[in-house]
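In case you want the letters, here they are:
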Amino acid sequence: MPATDFQGTFGRSFLSFRRDQVDSNTPAAGSSSHSMEAELDSFQRQVAEKFTDLNASGELLSLEWIGKLLDSFLCCQEEFRAIVFNHRSQISTSPMNRLISEYFERSIKALDVCNAIRDGIEQIRQWQKLSDIVISALDSRRTVGEGQLRRAKKALVDLAIGMLDEKETSLAHRNRSFGRVKDSHSHHRSMGHFRSLSWSVSRSWSASKQLQALASNLNTPRQNDVVASNGLAVPVYTMASVLLFVMWVLVAAFPCQDRGLQVNFFVPRQFQWAAPVMSLHDKIVEESKRRDRKNCCGLLKEIGRIEKSSRVMNELIDSIHFPMSEEKEIEVKQRVEELVEVHEALKNGLDPFERKVREVFHRIVRSRTENLDSLC
Amino acid sequence: MEKPENHAMESETLDHHKSDDHSDESEQQLATETPKSDSSSQLSLTQEMEAVDDFIQSLSSSTDPLKEIPPSVEPFPETVDSLVSKMESSGLGRDEAEDSAFILAVNRISKSVLTLRELRLDSTPVSSWLNRASSVQNRAASLLDEEFRHLLNRSREKNKNNKNADVSSDSTHVESDRCVLQEEETFPDFPPESISTLKKIAGAMISAGYEAECCMSYEMSRRHAFKEELSEVGFEGINVEDVQRIPWESLEGEIASWISIVRRCSTVLFPGELSLCTAVFSSDDHAATRKRLFTGLVSAVTIRFLDFSGAVVLTKRSSEKLFKFLDMYETLRDLVPAVEQSDSDLIEEIKLAQTRLGEAAVTIFGELENSIKTDQGRTAVPSGAVHPLTRYTMNYLKYACEYKDTLDQVFQTEPEQETRRNQREDDEEYKVSAFGRQMIKVMEHLDANLEVKSRLYRDPALRSIFLMNNGRYILQKIKGSTEIRDLMGQAWTRKRSTELRQYHKSYQRETWGKVLQCMNQEGIQVNGKVSKPVLKERFKVFNAMFDEIHKTQSTWIVSDEQMQSELRVSIAALVIPAYRSFFGRYKQHIDSGRHSDKYVKYQPEDIETYIDDLFDGNPPSMARKRT
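Residues numbered from 1 in each chain as written. Chains lettered and ligands numbered in written order. Predicted model: local features only at pLDDT ≥ 70, side-chain atom pairs only at ≥ 80, totals over all residues. Heavy atoms only, no water.

As a further point, take the overall build of chain A. When helices and strands are tallied, chain A shows 15 helices and zero strands. Across the 376 residues of chain A, 59% fall into the buried class. Contacts in chain A between residues at least 24 apart in sequence constitute 80% of all its contacts with a sequence separation of at least 6. Accessible area of chain A: about 16,200 Å², with a carbon and sulfur share of 50%. (Helix = DSSP H or I, 4+ residues; strand = E, 2+ residues; numbered from the N terminus. Buried < 20%, exposed > 50% of the residue type's maximum accessible area, 1.4 Å probe, protein only. Contact = heavy atoms within 4.5 Å. Areas by Shrake-Rupley, 256 points an atom, 1.4 Å probe, with all protein chains shown as cover.)

This part covers the packing of aromatic side chains. Considering all chains together, one arrives at 36 aromatic pairs over all chains under this definition. Where B:Y602 meets B:Y610, the ring centres are 5.6 Å apart and the plane angle is 80°; that geometry is what we call edge-to-face. In terms of burial, B:Y602 and B:Y610 fall into one category: buried. Taking the ring centre of A:F85 as reference, the NZ or CZ of A:R88 above it sits at 4.5 Å. Its end group placed over the ring of A:F361, A:R358 keeps NZ or CZ at 4.8 Å from the ring centre. (Phe/Tyr/Trp six-rings, centres within 6.5 Å; stacked < 30°, edge-to-face > 60°. Lys NZ or Arg CZ within 6 Å of the ring centre and 35° of its normal.)

Quick look at the nonpolar core now. Residues and elements named next belong to chain A. Core analysis: the largest hydrophobic core is formed by 288 residues, its most contacted members being L138, M247 and F254. When residues of this core are assigned to their parent elements, the largest contribution, 20 residues, is made by helix α6 (residues 96-137). Leaving out residues up to four positions away in the same chain, L138 has contacts with V144, Q148, L149, A152, M313, I317, V332 and V336. (Core = buried A, V, L, I, M, F, W, Y, C linked by side-chain atoms within 4.5 Å.)

Here the focus is a negative patch on the surface. Where like charges cluster on the molecular surface, the negative patch consists of B:E402, B:D405, B:E483 and B:D486. Structurally, the position occupied by B:E402 is in the loop between α15 (388-401) and α16 (404-412). (Patch = residues over 30% accessible without salt bridge, like charges linked within 9 Å, V, L, I, M, F, W, Y side chains within 5 Å. Salt bridge = Lys/Arg side-chain N within 4 Å of Asp/Glu carboxyl O. Lys, Arg positive; Asp, Glu negative; His and termini not counted. Charge placed at Lys NZ, Arg CZ, Asp CG, Glu CD.)

Residues and elements named next belong to chain B. Inspection of the secondary structure assignment puts Q508 in helix α21 (residues 490-518). With relative accessibility at 17%, the residue Q508 sits in the buried group. Apart from the residues within four sequence positions on either side, Q508 is in contact with G513, S570, I571 and L574.

Geometric descriptors of this kind do not, in isolation, establish any biological role.
Printed below as a string of structure tokens:
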């Protein structure tokens, strides 16, 4: 179910609903502790289901899969919002007031991650433009001349530089030489320069530090808190954990400033959703340790594919002598087709994905402002 | 053929290749002649280009597979190649005629390459010509790309230097003058020659099929330019989290600079960017490219502004923030026209950010209502003066009215329940703007609160004075501002004036009713004769009352000077004629007796004097002693 379904139900009508609704915790509304327990249980179950589904289907860390992860987040978020709303009289008392305000502090940290990811997406778009050049230069429907090969080669070199992990960029700048005879003004259209345009976050911002901040003090709720809050402490903990996990995945998958994945993420087995979430977590950690992905700028599957096909293409071009043999021609055609495949998936998926990230941003903001307004 | 690596090496290879295949003397002459005699090579160049045109024509019309390249066309790649070398060292933008000739040549080689590439080539001479031509085309495109970027960036550098320029430097002298004049008006500051060159280059690159490279270079350079603009005014990336932590006083400063840079974008930077885009990618064919480039640039910049406003909206609500939020709302509203030429997604985002600010403003304004409702001090304001709550509220509302139109917009988007809205539409009183309704609500709360506060006074006369003071203050504030007055409407203002008059009457009745009764002629005459004891009693009572009133009510305050004088005048008009007539008629009956002073304490003139002491707010010890 797309997350946008919820906008109708919980958008405007939600706010006006709030003003007139009798607090469902009062006896007059006829709500019993039993139904609250059911409500909270249902939430735990829903989270577990979502993550079990993510474990089972889709290609881990592909754009589509991460999109699905975001959808799951949005669903859980809406459910959480409803729970908070239904028991809002409790929110203003201890310990919930403290727990909720802590949760919202965390969610604000997530906003910065969403913004930083936007830069990462923008970088990928630049790579796409370069891929586009390669694809159109080596389009096999037309005769490929030497000039086209050179054009493709240049784009591939730019692409390779652009995909370097940011720590390696400075090295690359020093070591490469491309026989430029022009003055220093004409900087190579290297992605290092593009990266320096970090628009969305301050220069000192660090994705790894932000993740660590999101993870800090994320402890399973204490027994007395659970009791004192009629169990509401548990969904708060759940949502905070889900939030951390989602942000962690985004940072893992996309290029971003000071990208580091060292985070203590552990959920004890007592929670229904612990197993599927931890399983995903472990799989992703394993992926990050693989030799071929260790120094990549992002674990997104499509990034790996672009890297691979562009590297192969680069090597192929280097091996071509003119006039091109038929063998080489066929090989070029094949490699181009591979590149097109990766390219298409991203081309169609990247814009909607960015919108989804923006949606996550907006939902978190809305949740926070509702909370602020209710405090007035 | 060697690997395509180094350009310098590459042209050598071409030459070798050429000398191997073509021992035609004229070709060699062309190769050596080109750098020397411009006029003859220009002629050959024109002839060559004509030949190429014919060649391309024939390709499009003929169905037979091409077997060989016509000799007039054969040397064209090398001709262009030397042109490229020449332009490489001299650069574009120096000689317009040269540039145009170059571009024409590049366009032709591009066209021939593009056309040939569409064909299936079996013939080796044709393939090899295509290879040479495409290499040269690629080389030319790379040169154009570099020149493009160079031009774009050079102007930026110049601007940067000029901002700190010392005028003594010759080459920058003209620019710096222009810069100073135009700094506020034009952005980006490209001289028209540069723009014309940029336009040529863009056109050539796009025709050559190198649109992607052209756009990437353009975007890169413009983004850097914007980044510099923003850094210059101190607008760096600021995290949502940090915004939450900054104290309001500092945040206000950030907001002020945000407002200034967004305004600058609306009025100067974005329109300037659109002009540049339109000038460089001017052909009708480029419309989609223009839109895409413009959208990309303004989106990237605007989204950062929206990040900031979004972060600000997340901070805790407090009444002092209202006006800054409204300022930001207005600034975003004014930004929309400047980005109209871009994608609708961006405009939606801006509107969403506006809505957030609007919602926050509504909440904060609602806070005002709440704070009035909950202001329940148990201590009455001494002397019945204007209550601080009245002052605060009225000043807040007056300030708010300066944003009346914006607040109207903001409140109009607030969802109202259907029933309430229908009710309002029927009610004449509510044919008032959305914000007007809010104002009335606030006033109603204030009135109710003042009503409660007035009951803290045990003395009903003081109660009336209190209500008069506050009512008057409110009325004056409203009359003093055309915005509020128009907002509240005539009927409302008239109603308040009527209320004031009623309070005045109450006061008079409470305080002076009994005093006037003293001077009533009824009951003074007993059996047709003036009763001295009754008269004495009357005078005594009058004096006591008057003394008491004077003592007490001199300490009361009526802040509004006009109202103070009106009160005094009305009291005087009430009391003095009555006393004068009473005094005049009955004084003689007491005069003859002893201790007449004891009874006839006041002369009519004295009454006037003492009345003037009333409502001065003076402590009792300062009450004037009778001389």
